[in-house]
Amino acid sequence: MARIEREWSTKMQNKNKTSKEADPSVIMEMNTAFWISRTLQVANELEIFTKLSGKCLALEDAAKAIEIPPRPAEMLLNACVALGLLEKENGCYKNSNLSEKYLVKDKPEYFGYMIAHGVQLSEYWSKLGEVVKNNKPIEHSAPFEDEETARMFTLAMHSGSTPTAKALVDFIPLPHTPIKLLDVGGGSGVISIKLAEKYPNISAVVFDTPNVCKVAQEFINQSPASNRIKTYAGDYTKELPKGFDVVILSNILHGKGVQNCISLLKKVYESLNQSGLVIILDFLLDDDKCGPVFPTLFALNMLIATPEGGTYSGAEIKQWLEDIGFNNIKKEPLIGNTSMVLGVKGKNDRNKNLF
Ligand SMILES: C[S@@+](CC[C@H](N)C(=O)[O-])C[C@H]1O[C@@H](n2cnc3c(N)ncnc32)[C@H](O)[C@@H]1O
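Residues numbered from 1 in each chain as written. Predicted model: local features only at pLDDT ≥ 70, side-chain atom pairs only at ≥ 80, totals over all residues. Heavy atoms only, no water.

**Digging into the side chain of Lys 345**
At step 1: One can find Lys 345 in strand β10 (residues 338-345).
At step 2: Polar side-chain contacts of Lys 345 include one of 2.9 Å to the backbone oxygen of Leu 272.
At step 3: Excluding anything up to four places from it in sequence, Lys 345 contacts Tyr 269, Glu 270, Leu 272, Asn 273, Gln 274, Ser 275, Gly 276 and Phe 326. (Helix = DSSP H or I, 4+ residues; strand = E, 2+ residues; numbered from the N terminus. Polar contact = N/O pair within 3.5 Å; in protein donor to acceptor, adjacent residues only side chain to side chain. Contact = heavy atoms within 4.5 Å.)

**Here's the deal with the domain arrangement of the protein chain**
At step 1: When the domains of the protein chain are assigned, the result is domain 1 (3-102) and domain 2 (141-345).
At step 2: Inter-centroid distance (C-alpha atoms) of domain 1 to domain 2 is 33 Å. (Domains from an automatic or database assignment.)

**Considerations on the site of the ligand**
At step 1: The environment of the ligand is formed by 17 residues, the closest being Ser 161, Gly 185, Asp 208, Asp 235 and Ser 250.
At step 2: Residue Gly 234 places a main-chain N or O atom 3.5 Å away from a nitrogen atom belonging to the ligand.
At step 3: Here the ligand, which alone exposes 590 Å², has 91% of that area covered by the protein.
At step 4: Counting only elements with at least two residues in the shell around the ligand, the list comes to α10 (147-171) and β5 (202-208).
At step 5: By residue number, the principal contributor to the shell around the ligand is α10, which donates 3 residues. (Near = heavy atom within 4 Å. Areas by Shrake-Rupley, 256 points an atom, 1.4 Å probe, with all protein chains shown as cover.)

**Some details on helix α8 (residues 112-125)**
At step 1: Under the 1.5 Å per step criterion, the end-to-end length of α8 is 19 Å for 14 residues, consistent within 8% with the ideal 20 Å.
At step 2: Residues of α8 that are buried include every one of Gly 112, Ile 115, His 117, Gly 118, Val 119 and Tyr 124, and no others.
At step 3: Those residues of α8 hidden inside the fold are in contact with α3 (33-45), α7 (97-102), α9 (128-134), α10 and α14 (293-305). (Expected span 1.5 Å × (residues − 1). Buried < 20%, exposed > 50% of the residue type's maximum accessible area, 1.4 Å probe, protein only.)

**Let's talk about the sheet that holds strand β2 (residues 86-89)**
At step 1: Taken in spatial order, the 3 strands make up an open sheet running β1-β3-β2, and their pairing is antiparallel. For this open sheet the edge positions go to β1 (57-58) and β2, each flanked by a neighbour on one side alone.
At step 2: Bridge analysis of β1 against strand β3 (residues 92-95) gives 2 bridges, and the strand direction is antiparallel. From the neighbouring strand, Ala 58 faces β3, where its bridge partner is Cys 92.
At step 3: Sitting on the sheet, helix α6 (residues 70-82) touches β2 and β3, and the angle it makes with β2 is about 105°. (Pairing = 2+ DSSP bridges. Axes fitted to C-alpha atoms, helices over the stretch in contact; angles between N-to-C directions.)

Shown next, in the form of structure tokens:
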């Protein structure tokens, strides 16, 4: 267990103490939590983990490799050790298993694009005070407007959604009859790709904006299932193609207000064949909307970045689906902060025993 995990678990126990016993260390942790994210982001910017990959370097050599003076290098590297990102052995610094797997450029599960996206979010979050006073998002261009921004955003989403896609493939038993799947706002297409790789009976359409479809096509080209996955450039606020057995909305609803969520879900209903399955993946709130922590904070993230986005509880989404005519609605935790809501179109459904 990394030092940070040990220390946090002790400090978080403090939350449950009576007011007489409680001490303010947990408040101090909250106040300085951004130090952790900035340390990670700067280490990523300097490509420390890529430069240390497969090596164990003494301070002087590590400082040279990352091109900063030894004094800040020692502080930064020691902080990375404490955070569980590096290990120090006989005075040499090397990657931990975590950073070797996820923070080394060009490794298949590289997470660095999401961390770079985090740098942008840190800037946005510095305006939170203004945003909550004015109830207005900050001014910024939509992530898919120009080609380069769309690429960077899509690579970031790809890192975030790869574990989700793997968990979904393990969780959901689909039938072995031919399945037409529509991945609405599918981003890099990672969910369609992982499902199509597991199920040879799936043919998938990744529906997204034109700039994002170009990036998705690059990922699709690398997949052994590429001949069964297509991109479709369109605008889901206008219309969706029809005739699908499964429609996926992964990380889509949190970008919209309630009325736009309902209107998109109605389009999904129209897009599905009878007995078709909708799979919604998102950061769902508890029914009282006061937890878990990540979805409550993600709501603020959406307040900052979008005019009407937010996070929703499973109960809210279930109600929307029921009102539209979906049946067999279930909410399940999936992985990390992501949960899913499943629903079937119509009553006479062949998918009802799937989950
Ligand atoms: C948060 S990302 C989620 C990507 C992917 N589903 C995932 O979970 O990794 C939202 C996606 O919706 C796409 N999108 C946003 N508005 C859209 C619209 N009106 N029509 C089609 N796609 C849209 C964005 O380009 C982006 O790829």
